[in-house]
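Structural characterization, general
If you want the building blocks of each chain, they are given just below.
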Amino acid sequence: MSVSRTITSKLQSTFLPTVLEVINESYMHNVPKNAETHFKVLIVSEKFEGKALLKRHREVTSVLADELKSGVHALSIVAKTPAQWDSDPSVVKSPPCLGGSKL
C-alpha cells in the first residue's frame, strides 16, 4: 500500500473525519520522482472538539508515528473541528521549497 493510502486509512479509522485530504507535496521538493516524503493533511473531525491545536497535531502525529519514522520527512497538518471548517474552509497554500542549500 502506498504511504498516502496508509496515512488516509489510519486517519480515517482513528478520527472518523467529515473532511480528509492527504496531499503528497513531494513533487515540490528535491526528491526522486514519485517519492512519498512530504505531505499536507487536512482533517476535520468532531474528535478535535475542545482540544487545543497543539493537542490535535500531537494526536495526528502519534497515529502516523511509523510513517514519520520510516520515510515521511515532512508533515503539514491542518486540523479543524466541523464548526471551524464551516466558518472558514480555507487552507493556506504550502510555500515553495527553498532547499537546504538555497537559503
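These numbers were taken from a predicted model, which means no experiment stands behind them.

**Focus on the overall build of the chain**
A count of helices and strands for the chain gives four helices and three strands. Computed over the C-alpha atoms, the radius of gyration of the chain is 14 Å, within 12% of the 13 Å expected from 2.2 N^0.38 for a compact globule of 103 residues. In terms of principal-axis extent, the alpha carbons of the chain reach across some 40 × 30 × 20 Å. Sorting the 103 residues of the chain into buried and exposed places 35% on the buried side. Within the chain, contacts between residues separated by at least 24 positions form 63% of all contacts whose residues are at least 6 apart in sequence. Taken as a whole, the chain presents about 6600 Å² of accessible surface, with 55% of it coming from carbon and sulfur. Measuring between centres, the 13 positive side-chain charges of the chain sit 6 Å from its 10 negative side-chain charges.

**Considerations on the sheet that holds strand β3 (residues 74–80)**
In spatial order, the strands read β1-β2-β3; together these three strands make up an open sheet with mixed pairing. Two strands bound the open sheet, and with one partner strand each, they are β1 (19–24) and β3. Strand after strand, the sheet turns through a mean of 10 degrees between neighbouring axes, direction not considered. Across seven bridges, strand β2 (residues 38–44) lies against β3 in parallel orientation. Paired with Val41 across the strands is Ile77, a residue of β3. Set on the sheet, helix α1 (residues 3–15) makes contact with β1 and β2; between it and β2 the angle comes to about 25 degrees.

**Side note on the packing of aromatic side chains**
Within this structure, the stated rule accounts for one aromatic pair. For the ring pair Phe15 and Phe48, a centre distance of 5.2 Å and an interplane angle of 40 degrees mean the geometry is tilted. On the criterion of sequence distance, the pair formed by Phe15 in helix α1 and Phe48 in the loop between β2 and α2 (53–63) is long-range, its members being 33 residues apart. By relative accessible area, which is 4% here, Phe15 ends up buried.

**Notes on the packing of α1 against α2**
Helix packing geometry: the angle between the two helix axes and the distance between the axes. Here α1 crosses α2 at 125 degrees, and the two axes come no closer than 10 Å. Taken together, α1 and α2 sit at an angle that is classed as oblique. As α1 runs across α2, the sense of the crossing is right-handed. Between α1 and α2, the residues in contact are Lys10, Leu11, Thr14 and Phe15 and Glu59, Val60 and Val63, respectively.

**Some details on α2**
Buried within α2 we find Arg56, Glu59, Val60 and Val63. The buried residues of α2 occupy one face: seen down the axis, they fall within an arc of 95 degrees. Residues of α2 that are exposed and angled more than 90 degrees away from the buried face: Leu54, Arg58 and Ser62. Residues of α2 that are buried make contact with α1, β2, α3 (65–69), β3 and α4 (82–87).

**Some points on the side chain of Ser94**
Relative to the helices and strands, Ser94 resides in the segment after α4. Residue Ser94 is classed as buried on the basis of its relative accessible area of 14%. Within polar-contact distance, the side chain of Ser94 engages the side chain of Glu25 at 2.8 Å. There is a polar contact of 3.1 Å between the side chain of Ser94 and the side chain of Lys40. Setting aside anything within four residues of it in sequence, one finds Ser94 in contact with Glu25, Met28 and Lys40.

Definitions and cut-offs
Residues numbered from 1 in each chain as written. Predicted model: local features only at pLDDT ≥ 70, side-chain atom pairs only at ≥ 80, totals over all residues. Heavy atoms only, no water. Helix = DSSP H or I, 4+ residues; strand = E, 2+ residues; numbered from the N terminus. Rg over C-alpha atoms; globule rule 2.2 N^0.38 Å. Buried < 20%, exposed > 50% of the residue type's maximum accessible area, 1.4 Å probe, protein only. Contact = heavy atoms within 4.5 Å. Areas by Shrake-Rupley, 256 points an atom, 1.4 Å probe, with all protein chains shown as cover. Lys, Arg positive; Asp, Glu negative; His and termini not counted. Charge placed at Lys NZ, Arg CZ, Asp CG, Glu CD. Pairing = 2+ DSSP bridges. Axes fitted to C-alpha atoms, helices over the stretch in contact; angles between N-to-C directions. Phe/Tyr/Trp six-rings, centres within 6.5 Å; stacked < 30°, edge-to-face > 60°. Parallel < 35°, antiparallel > 145°, perpendicular 65-115°, else oblique. Left-handed = near helix turned anticlockwise from the far one by under 90°. Arc of directions from axis to C-beta. Polar contact = N/O pair within 3.5 Å; in protein donor to acceptor, adjacent residues only side chain to side chain.

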